[in-house]
Amino acid sequence: MSNNTTTARSGRLRRVLTRIGLGLLGLLLVFLGWVRCTFGGYGEPFEDRSGPPQIPASQVEVVATLDEPPGNIAVSADGRVFLTVHPESRPETTKFAELIDGELEPYPSAALQAELFETVLGVAIDRQQRVWTIDHGNHGLGQPRLLAFDLATNTEVHRYDFTSRHAGAGSFFNDLQVSPDGRYIYIADISVFGRHPALVIYDTHERIAWRRLEQHASVQAEPWRIRHPDKDMVFFWGLLALRPAVDSIALDKQGQWLYYGAMTHGTMFRVPAAILHDPSIDEPAVRAAVEAFGDKPLSDGLSVDEHGTVYITDVEHRGIMTLDASGTLSTLIADPRIRWADGLSFGPDGWLYVSDSAIPDIMLQSKGHITDAAPYHVFRFKPGPMGIPGQ
């Protein structure tokens with residue numbers, strides 16, 4: 001074979017490889033562009049709706065100092081404190097626990113943690129004295145699961161494993177509430193990767209579930225950028241941004257209204273709980289029943305007191321705000337010790353408990369960074385009116 005022939009073939013091979021390389025680079029750029037448009041972008045700053053705090057930070061107490069970040073929190077009527085360890089921190093042993101003498105004790109036991117829980121986050125206590133947990137099952141790739149434990153015996157009394165029909169790949173069951181009679185469970189599906197946020201209703205008597213308000217404007221995120229004092233919640237040069245859809249939900253004392261809001265949405269919504277209880281009611285009727293209740297900050301956890309005032313964590317200003325029945329939004333507390341107020345739960349004697357998950361220090365971080373960012377905290381304070389223990 002002549003040198004000219006060899007040179008020609010080498011040239012053709014280089015051209016083919018160059019075309020393949022350019023093609024792969026083009027596909028990569030298209031994919032990254034899709035990721036940025038779908039999950040990222042910097043977004044616009046949100047207006048500052050905070051004001052002077054009504055309660056000084058000196059009245060906020062530290063309940064616990066922890067090695068791992070708490071997720072959500074529920075406090076029983078007799079003062080028992082239950083916490084999930086935030087799944088974003090990838091806990092290896094204890095994922096759900098009771099706080100006893102300042103320490104996380106695996107609940108219901110250490111031996112059952114791996115069997116029962118995968119990525120458990122939401123927790124609530126009903127008026128029948130059962131503690132409920134919701135597990136998104138690694139964004140629906142594993143087994144999304146609802147569990148209940150009787151507080152008197154510390155034994156499992158209810159389990160429901162969701163199918164892909166209600167919690168498919170890309171779903172994210174984040175928070176839950178329980179109707180006063182203990183029959184209905186309301187669940188917020190952020191659907192971070194699935195992009196189909198919704199409310200999910202589960203009937204504990206009939207053991208059936210159904211989705212409501214899927215992709216309705218009230219459960220969708222708005223394109224705001226979360227500007228935490230430590231960092232903007234945008235990652236990888238804008239490819240990914242923390243911009244969750246419907247994140248937290250809260251139920252009033254009478255079980256009449258379910259309040260909810262996306263983390264990056266400027267409006268608090270509510271819907272009559274009764275209209276969610278009947279799966280035969282058509283979806284347009286449910287959507288027509290949704291009300292815009294008032295303004296809110298960029299938020300995470302919610303709770304409601306006996307007067308119908310909604311308590312809202314303000315993730316950009318290390319605080320908690322209130323939205324009263326007249327629509328007035330006020331700053332209740334602002335405390336520099338709070339890194340990210342995540343969950344809220346009223347306990348006995350009017351205490352409002354706050355789990356601080358420190359999201360800026362755990363999201364997309366290494367285990368080493370998460371360990372170094374400890375300690376993490378649970379706080380409490382007395383806002384005034386009483387609330388519903390466990391919610």
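One can find the structure itself at the top, above this paragraph.
In this numbering scheme, every chain counts its residues from 1 along its sequence in written order. Totals for whole chains, interfaces and linings use all residues, but because this is a predicted model, local features are given only for residues with pLDDT of at least 70 and pairs of side-chain atoms are given and counted only at 80 or more. Heavy atoms from the whole structure form the basis of all side-chain values; hydrogens and water molecules are not counted.

Q: Which residues make up the overall build of the protein chain, and what values do they have?
A: Note on conventions: DSSP H or I runs of at least 4 residues are helices, E runs of at least 2 residues are strands, and numbering of each starts at the N terminus. When helices and strands are counted, the protein chain shows 5 helices and 28 strands. Referenced to the eigenvectors of the C-alpha coordinate spread, the extents of the protein chain come out at roughly 95 × 50 × 45 Å. Across the 391 residues that make up the protein chain, the buried fraction comes to 55%. Sequence separation of at least 24 residues holds for 57% of the intrachain contacts in the protein chain that already meet a minimum separation of 6. For the accessible areas, the method is Shrake-Rupley and the probe is 1.4 Å, while residue cover comes only from the protein chains on display. For the protein chain, the accessible area works out to roughly 16,300 Å², and carbon and sulfur atoms hold 54% of it. His is not counted, nor are the chain ends; Lys and Arg add positive charge and Asp and Glu add negative charge. In plain terms, the charge of a residue is placed at NZ if it is Lys, CZ if Arg, CG if Asp and CD if Glu. Positive and negative charge centroids in the protein chain, built from 34 and 48 side chains respectively, lie 12 Å apart. Burial classes: relative accessible area under 20% of the type maximum marks a residue as buried, over 50% as exposed, and values in between as partly exposed (1.4 Å probe, protein chains only). Residues count as neighbours in contact if any of their non-hydrogen atoms are within 4.5 Å of one another.

Q: I'd like a rundown of the sheet that holds strand β14 (residues 208-212), residues and numbers included.
A: What makes two strands pair is DSSP finding at least two bridges between them. Overall, antiparallel pairing links the 4 strands, which are arranged β11-β12-β13-β14 in an open sheet. Both edges of this open sheet fall to β11 (173-178) and β14, since each of them pairs with a single strand only. Averaged over all adjacent pairs, the angle separating strand axes in this sheet is 25°, with direction ignored. Judged from the 5 bridges that link them, β11 and strand β12 (residues 184-189) form a sheet pairing that is antiparallel. Across the sheet, Leu 176 pairs through a bridge with Ile 187, a residue of β12. Angular values range over 0 to 180 degrees, each being the angle between N-to-C directions of two axes fitted as lines to C-alpha atoms, with helices fitted over their stretch in contact.

Q: Can you tell me about a positive patch on the surface, naming the residues and giving the values?
A: To count toward a patch, a residue needs a relative accessible area over 30% and no salt bridge; like charges are then connected within 9 Å, while nonpolar side chains (Val, Leu, Ile, Met, Phe, Trp, Tyr) are connected within 5 Å. Salt bridges are defined as contacts in which a side-chain nitrogen from Lys or Arg sits within 4 Å of a carboxyl oxygen from Asp or Glu. A surface patch of positive charge is lined by Arg 12, Arg 14, Arg 15 and Arg 19. As for its position among the elements, Arg 15 is in helix α1 (residues 3-39).

Q: Describe the sheet that holds strand β8 (residues 130-135), with residues and values.
A: Across the sheet, 4 strands lie side by side as β7-β8-β9-β10; this open sheet has antiparallel pairing. Of all strands in the sheet, those bounded by a partner on one side alone are β7 (120-125) and β10 (155-161). Between one strand and the next, the sheet's axes are offset by a mean angle of 20°, whatever the strand orientation. By the bridge criterion, 6 bridges tie strand β9 (residues 145-150) to β10 in an arrangement that is antiparallel. The partner of Phe 149 across the bridge, within β10, is Glu 156.

Q: Break down a negative patch on the surface for me, with residues and values.
A: Among the surface-exposed residues, Asp 67, Asp 101, Glu 103 and Glu 105 lie close enough to one another that they form a single negatively charged patch. Along the chain, the position of Glu 103 falls in strand β6 (residues 103-106).

Q: Account for a nonpolar patch on the surface, naming residues and giving values.
A: On the surface, Leu 13, Val 16, Leu 17, Ile 20 and Leu 24 cluster together into a nonpolar patch covering about 470 Å² of accessible area. With respect to the helices and strands, the residue Ile 20 is situated in helix α1.

Q: Would you mind going over the pairing of strand β28 (residues 376-381) in detail, with residue names and values included?
A: With 5 of its 6 residues buried, β28 lies for the most part within the structure. The sheet contact formed by strand β2 (residues 61-66) and β28 spans 5 bridges and is antiparallel. By the bridge assignment for β28, Val 62 is matched with Phe 379. The pairing of strand β27 (residues 352-356) with β28 spans 5 bridges and is classified as antiparallel. By the bridge assignment for β28, Leu 352 is matched with Phe 381.

Q: Requested: an account of the pattern of salt bridges, with residues and values cited.
A: Tallied over the entire structure, the rule returns 18 salt bridges. Its salt-bridge partner being Glu 47, residue Arg 49 comes within 2.9 Å of it at the nearest N-O pair. Here Arg 337 makes a salt bridge to Asp 335, at a shortest N to O gap of 2.6 Å. The class for Arg 337 is partly exposed, based on a relative accessible area of 37%.

Q: Residues and numbers for the packing of aromatic side chains, please.
A: The pairing test for Phe, Tyr and Trp rings, Trp by its six-membered ring, is centres within 6.5 Å, and the orientation test on the planes gives stacked under 30 degrees, edge-to-face over 60, and tilted for anything in between. Per the stated rule, a full pass over the model turns up 14 aromatic pairs. Here the aromatic rings of Phe 82 and Tyr 107 are separated by 5.0 Å at their centres, their planes lie at 80°, and the arrangement is edge-to-face. Here Tyr 107 lies in the loop between β6 and α2 (113-116) and Phe 82 lies in strand β4 (residues 81-85), a separation of 25 residues in the sequence. Given a relative accessible area of 0%, Phe 82 falls into the buried group. An angle of 70° between the planes, with centres 5.7 Å apart, marks the rings of Phe 96 and Phe 117 as edge-to-face. Of the two residues, Phe 96 sits in strand β5 (residues 96-100) while Phe 117 sits in the loop between α2 and β7, which places them 21 residues apart along the sequence. An aromatic cluster of at least three residues, connected via ring pairs, comprises Phe 82, Phe 96, Tyr 107, Phe 117 and Phe 149. Our definition puts a charge over a ring when NZ of Lys or CZ of Arg is within 6 Å of the ring centre and also within 35 degrees of the ring normal. When the ring centre of Trp 257 is taken as origin, the NZ or CZ atom of Arg 270, which lies over that ring, is 3.6 Å away. Directly above the aromatic system of Trp 351 lies the positively charged group of Arg 380, at a separation of 3.7 Å from the ring centroid.

Q: Explain the side chain of Asp 335 residue by residue, including any values.
A: Checked against the element boundaries, Asp 335 lands in the loop between β25 (329-334) and β26 (341-346). Judged by relative accessible area, Asp 335 falls into the buried class, the value being 2%. Polar contacts involving the side chain of Asp 335 include one to the side chain of Arg 337, which spans 2.6 Å. Among all residues touching Asp 335, those that are not within four sequence positions of it are Ala 57, Val 60 and Arg 318. Polar contacts here mean pairs of N or O atoms no more than 3.5 Å apart (in protein, one a potential hydrogen donor and the other a potential acceptor; neighbouring residues in sequence count only if both atoms are side-chain atoms).

Q: Describe the nonpolar core, listing the residues and the values that go with them.
A: Nine residue types can take part in a nonpolar core, namely buried Ala, Val, Leu, Ile, Met, Phe, Trp, Tyr and Cys, and a core is a set of them joined through side-chain atoms within 4.5 Å. Judged by nonpolar contacts, the single largest core of 21 residues is most densely connected at Tyr 186, Leu 258, Tyr 260, Val 271 and Leu 276. Those elements giving two or more residues to this core turn out to be β12, β13 (198-203), β18 (246-251), β19 (257-262), β20 (267-272) and α3 (273-276). Excluding residues that lie within four positions of it along the chain, Leu 258 makes contacts with Tyr 186, Leu 199, Ile 249, Ala 250, Leu 251, Phe 269, Arg 270, Val 271, Ala 273 and Leu 276.

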